[in-house]
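One-letter residues, chain by chain:
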Amino acid sequence: FDFPAHTAAATTTSRIFLNQGSLVHGDVTAIDADKVRVHSPLFGDIALPRKDVQGIAYDPALDRLIGASTDHDRVRLRDNSFVDGNVQSADATSLLTKVSEGPDRTMKLPEVAGVMFTRPRLVEPDTTVYSRIDLVTGERLIGFLADCSSEHVAVSVPLLGAATIPWTQVSKVELGVGGGATWGFTLIADYSDNRIIEVDEQGRIV
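The structure reproduced in this document is the subject of the present report. Values in this document were obtained by computation on a predicted structure and should not be read as measured data.

What follows deals with the overall build of the protein. Secondary structure assignment for the protein yields zero helices and 17 strands. Against the 2.2 N^0.38 benchmark of 17 Å for 206 residues, the protein shows a C-alpha radius of gyration of 18 Å, consistent with a compact globule. Each principal axis of the C-alpha atoms in the protein carries an extent, and together these give about 55 × 50 × 35 Å. Going through the 206 residues of the protein one by one, you find that 40% of them count as buried. Pairs at least 24 apart in sequence give 51% of the contacts found in the protein among residues at least 6 apart. Carbon and sulfur atoms make up 51% of the accessible area of the protein, which amounts to about 11200 Å² in all. When the 19 positive and 28 negative side-chain charges of the protein are each reduced to one mean point, those points stand 4 Å apart.

Written as structure tokens, this is what we have:
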């Protein structure tokens, strides 16, 4: 179900990508060895297990997370350089990384485009059948439709919680989808139609 008439201004908050497949917006208030703490306008204050977070995009221009390592965390700076190591902690102003080769480095958040946490070496397939709710803010909720009326839809999303959303904030609803983060992309040149196709790791055209 598509709702092309539903529009909203782009958000300026960070985007948190979950291994489960959901993408939620909010202010990252803290990161430690175990948790990523976020204040979400939709779900309130949430504490996400760090092992379940694929990464964070601080820069509004960063639309995806590419280049995660199975050996270490990776911080992408806004000058397109990378800092590899282990993210020790972060708050609302700075991020501390234990660098793989070199001294520990503290970076101010305006320098940081995004953070990619260590990628799992093995990812078990998620056989659960979900619904996907895309919001006009760009958020992507992979969860379950709990209830709906002519004005609102209620959703339950693993790790994030439950929320009631006005239909005016929904841009698309897709039923019967699988979960799981997108880890990589492939570009395919289609010379017969003079176009470039981009597919994710599951072969879906994006």
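Bridge count between strand β13 (residues 152-157) and strand β14 (residues 161-166): six bridges; the pairing is antiparallel. Note on β14: the bridge partner recorded for His152 is Pro166. With antiparallel pairing between neighbouring strands as the criterion, β13 and β14 make up a hairpin whose turn holds three residues, including Leu159 at a positive phi of roughly 80°.

A complete count under the given rule lists one cavity of 30 Å³ or more for this structure. Roughly 30 Å³ of internal volume is contained in the largest cavity. What lines the largest cavity is Leu62, Arg64, Leu65, Ile66, Arg76, Gly114 and Met116. Taken together, the residues that form the lining of the largest cavity break down as four nonpolar, one polar and two charged.

Here we come to the environment of Gly143. Topologically, Gly143 is positioned in strand β12 (residues 140-148). With 15 residues separating them in the primary sequence, Gly143 and Thr128 have C-alpha atoms 9.6 Å apart. The contact partners of Gly143, leaving out residues within four places of it in the chain, are Tyr130, Ser131, Ser156, Val157 and Pro158.

Our focus in this paragraph is the packing of aromatic side chains. On inspection of all chains with the given rule, the structure shows two aromatic pairs. When the centroid spacing of 5.3 Å and the interplanar angle of 40° are considered together, the rings of Tyr130 and Phe144 count as tilted. Here Tyr130 is found in strand β11 (residues 130-135), whereas its partner Phe144 is found in strand β12, with 14 residues between them in sequence. Above the plane of the ring of Phe82 lies Arg74, whose end atom (NZ or CZ) is 4.8 Å from the centre.

The next thing to look at is the environment of Val155. Tracing the chain through its elements places Val155 in strand β13. When the C-alpha positions of Val155 and Gly114 are compared, they lie 28 Å apart, and in sequence the two are 41 residues distant.

In total, this model carries six salt bridges according to the counting rule given. Across the pair Arg78 and Asp59 runs a salt bridge whose closest N-O atoms are separated by 3.6 Å. With Arg78 in the loop between β6 (73-77) and β7 (82-90) and Asp59 in the loop between β5 (53-57) and β6, this pair connects stretches of sequence that are 19 residues apart. Residues Asp134 and Arg132 are paired through a salt bridge, measuring 2.8 Å at the closest nitrogen-oxygen approach.

For the rest of this paragraph, the subject is the side chain of Arg15. Inspection of the secondary structure assignment puts Arg15 in strand β1 (residues 14-18). No salt bridge is formed by the buried Arg15; the nearest opposite charge belongs to Asp59, separated by 6.0 Å. A distance of 3.5 Å separates a polar side-chain atom of Arg15 from the backbone oxygen of Pro60. Among the polar contacts made by the side chain of Arg15, one reaches the main-chain carbonyl oxygen of Leu62 at a distance of 2.5 Å. When near neighbours in sequence (up to four residues on either side) are disregarded, Arg15 contacts Leu23, Val24, His25, Gly55, Ile56, Ala57, Asp59, Pro60, Ala61, Leu62 and Asp63.

Turning our attention to unusual backbone geometry. With a phi angle near 70°, Asn80 is a residue other than glycine that sits in the positive phi range. Counting through the fold element by element, Asn80 comes out in the loop between β6 and β7. Not every positive phi belongs to a glycine, and Leu159 is a case in point at roughly 80°.

Conventions and cut-offs
Residues numbered from 1 in each chain as written. Predicted model: local features only at pLDDT ≥ 70, side-chain atom pairs only at ≥ 80, totals over all residues. Heavy atoms only, no water. Helix = DSSP H or I, 4+ residues; strand = E, 2+ residues; numbered from the N terminus. Rg over C-alpha atoms; globule rule 2.2 N^0.38 Å. Buried < 20%, exposed > 50% of the residue type's maximum accessible area, 1.4 Å probe, protein only. Contact = heavy atoms within 4.5 Å. Areas by Shrake-Rupley, 256 points an atom, 1.4 Å probe, with all protein chains shown as cover. Lys, Arg positive; Asp, Glu negative; His and termini not counted. Charge placed at Lys NZ, Arg CZ, Asp CG, Glu CD. Pairing = 2+ DSSP bridges. 1 Å grid on protein atoms, 1.4 Å probe; cavity = no way out; pocket = protein on both sides within 12 Å on 5 of 7 lines; lining within 4 Å. Points joined across faces, edges and corners; volume = space filled by probe spheres on them. Nonpolar A, V, L, I, M, F, W, Y, C, P; charged D, E, K, R; others polar. Phe/Tyr/Trp six-rings, centres within 6.5 Å; stacked < 30°, edge-to-face > 60°. Lys NZ or Arg CZ within 6 Å of the ring centre and 35° of its normal. Salt bridge = Lys/Arg side-chain N within 4 Å of Asp/Glu carboxyl O. Polar contact = N/O pair within 3.5 Å; in protein donor to acceptor, adjacent residues only side chain to side chain.

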